[in-house]
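Topology and contacts: notes
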Amino acid sequence: MTKRFPEGFYWGASTAAHQVEGNNIHSDFWLMEHLEGSIFQEPSGDAVDHYRLYREDIALMAKLGLNSYRFSFEWSRIEPEEGQFNQEAIDHYRDVLKACQEFNIMPIVTLHHFTSPQWLIRAGGWESEETPQRFARYCEHVMQQLGDAIPYVCTINEANISIGIAKIIKRHQAQETAQVGVNTGSMERMQQYYAALGKAFGLPPQEIHSFLGARSEKGLSIIFKAHEAARETIRRVSPQTKVGITLSLYDIQSLPGGEALAAQALQEEFLQFLPYLEGDDFFGVQNYTRYVYGPDGYIPPAADAEKTQMGNEFYPQGLESVIRYAYEHVKKPIIVTENGIATANDERRIAYIDQALQGVQACAADGIPVQGYMHWSLMDNFEWQLGFSKTFGLIAVDRSTQTRTPKPSAYHYGSIAKNNALL
Ligand code: GCO
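Conventions adopted
- Residues numbered from 1 in each chain as written.
- Predicted model: local features only at pLDDT ≥ 70, side-chain atom pairs only at ≥ 80, totals over all residues.
- Heavy atoms only, no water.
- Helix = DSSP H or I, 4+ residues; strand = E, 2+ residues; numbered from the N terminus.
- Rg over C-alpha atoms; globule rule 2.2 N^0.38 Å.
- Buried < 20%, exposed > 50% of the residue type's maximum accessible area, 1.4 Å probe, protein only.
- Contact = heavy atoms within 4.5 Å.
- Areas by Shrake-Rupley, 256 points an atom, 1.4 Å probe, with all protein chains shown as cover.
- Lys, Arg positive; Asp, Glu negative; His and termini not counted.
- Charge placed at Lys NZ, Arg CZ, Asp CG, Glu CD.
- Near = heavy atom within 4 Å.
- Polar contact = N/O pair within 3.5 Å; in protein donor to acceptor, adjacent residues only side chain to side chain.
- Core = buried A, V, L, I, M, F, W, Y, C linked by side-chain atoms within 4.5 Å.
- Pairing = 2+ DSSP bridges.
- Axes fitted to C-alpha atoms, helices over the stretch in contact; angles between N-to-C directions.
- Salt bridge = Lys/Arg side-chain N within 4 Å of Asp/Glu carboxyl O.

**Section: the overall build of the protein**
The helix and strand inventory of the protein stands at 15 helices and 13 strands. Its C-alpha atoms give the protein a radius of gyration of 21 Å, within 12% of the compact-globule value 22 Å for 423 residues. In terms of overall dimensions, the protein has a C-alpha envelope of 60 × 55 × 45 Å along the principal axes. Per-residue burial over the protein gives 58% buried out of 423 residues. The long-range fraction of contacts in the protein, counting pairs at least 24 apart against all pairs at least 6 apart in sequence, stands at 80%. As displayed, the protein offers around 17100 Å² of accessible surface, 51% of which is attributable to carbon and sulfur atoms. Across the protein, the mean location of the 36 positive side-chain charges is 3 Å away from that of the 51 negative side-chain charges.

Laid out in structure tokens, this is it:
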């Protein structure tokens, strides 16, 4: 039986400005990438030059059969200094939206995807009570200028990411401590890095609060208040735009005895934020793998489990469970705003896509309003601290010439999109 998707399903791919555009010189990440002793493996540099090549990239998406594109605007380009808006950047993004329209690609715009203007960090960053209003002011400017061409907006990407990061760091430290008896090296290196960071921002290191840094309870609520302030502003200046947020969600599973810990993880990572999502039009699900809990906590994947380049367990089945639990609680239309795999073996990407989409189709067949799937990522790009070594793309990029070459997975995914059904 052909497994069809709902009529009008959005088939797309995702990127984020800093990971693809290149030369985001006013962003906090740019500064962090260039510090001595930087924890970044390499700087983003020209990235994959998408700031120049967007039209070509959008045309290629359309040719492959996709009908939607999730990408982000770079706040630090639009507002490089506080209160000073750059018209060139606005014109640029208007042209990106125009290109989407020309190629029948429905744009889903993210207004904040990890990077922030350097001035925002100097002004207290994501722990300052003034940040929600600052973010809303940027959103107001953008939506006044461009809202007419933006059907869907994600205010903040993975607003809950700090919780996941803190857990991963804790697990790594525990592993290191277990392996060598003491926790060597990385703490000292981090301290050096933070000292350099402090110098670069002209602040005591403990007062630097970029989006991916450690987050206090108060900081976490500031992020969600920024979402609410942005939503209100967007409703006022661009009422036809649908507004949502995206969260990083794991398929949380438990073995006997691990149920309470799994429930606690769900509460921390997802349920506690539900009140902030009540006024949204849709919800963006981002999932890559599962986490299993036993009576003593997190259980790492078995030694012989297939892993991705990120060290995650290959687990495309996770997406279905995440869509189901997300919908059960948010009761709103769902868009999968990210899902994908870092691998050099493109056949495994094809297998991952097929299996993940089986799950999406099963959810739709059960009446869950899942409206689209945005694969992460359109093309190989800058994977933050890990640089360009992790290949998540449907399209390969030779960065010496910036030549794009679709991988077999791009054609495979494109055929599914064209048929609106699994092959
Ligand atoms: C995230 C981000 C993306 C990543 C992707 C792969 O989820 O961390 O939204 O920017 O590149 O998830 O790790």
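**Comments concerning the site of the ligand**
Lining the immediate surroundings of the ligand are 13 residues, of which Gln19, His113, Glu158, Glu338 and Glu383 lie closest. Glu158 places a side-chain nitrogen or oxygen 2.5 Å from an oxygen atom of the ligand. Side-chain polar atom of Trp384 to an oxygen atom of the ligand: 3.0 Å apart, as the coordinates give it.

**Quick look at the nonpolar core**
Inside soluble globular proteins, nonpolar side chains tend to come together where they are buried. Residues Phe73, Leu111, Phe270, Phe283 and Leu357 are the most contacted members of the largest nonpolar core, which totals 112 residues. Apart from the residues lying within four places of it in its own chain, the contact partners of Phe283 are Ile245, Leu247, Leu249, Phe270, Leu277, Ala326, Val330, Pro333, Ile334 and Ile335. The next biggest cluster of nonpolar side chains, apart from the first, holds seven residues, and it includes Met106, Ile108, Tyr152 and Phe282.

**Examining the sheet that holds strand β8 (residues 290–294)**
The strand order across the open sheet formed by three strands is β6-β8-β9, and the pairing between neighbours is mixed. Across the chains shown, the open sheet's two edge strands, defined by having one partner strand only, are β6 (251–254) and β9 (297–299). Averaged over all adjacent pairs, the angle separating strand axes in this sheet is 40°, with direction ignored. Across the sheet, helix α11 (residues 259–269) lies against β6, β8 and β9, angled at about 160° from β6, the strand it touches most.

**Things to note about the pattern of salt bridges**
In this structure the tally under the stated criterion is 25 salt bridges. We note a salt bridge from Lys407 to Asp380, for which the minimum N-O separation is 2.9 Å. Linking Lys407 in the loop between β13 (403–406) and α15 (408–419) with Asp380 in the loop between β11 (370–376) and β12 (395–398), this pair joins segments that are 27 residues apart in sequence. Looking at Lys407, the relative accessible area reads 12%, which means it is buried. Judged by relative accessible area, which is 12%, Asp380 ranks as buried. When salt bridges that share partners are traced, they join Glu79, Glu82, Glu130, Arg134 and Arg137 into one network.

**Observations concerning unusual backbone geometry**
A cis amide bond links Trp376 with the next residue in sequence, Ser377, at an omega value of 10°. Assignment of secondary structure puts Ser377 in the loop between β11 and β12. Backbone geometry places Ala47, a non-glycine residue, at a positive phi of 45°. Relative to the helices and strands, Ala47 resides in the loop between α2 (28–33) and α3 (50–64). Judged by relative accessible area, which is 0%, Ala47 ranks as buried. Unlike most non-glycine residues, Glu158 shows phi in positive territory, near 50°. Tracing the sequence through the fold places Glu158 in the loop between β4 (152–156) and α8 (161–180).

So, to be careful, I would describe these as geometric facts and stop short of saying anything about function.
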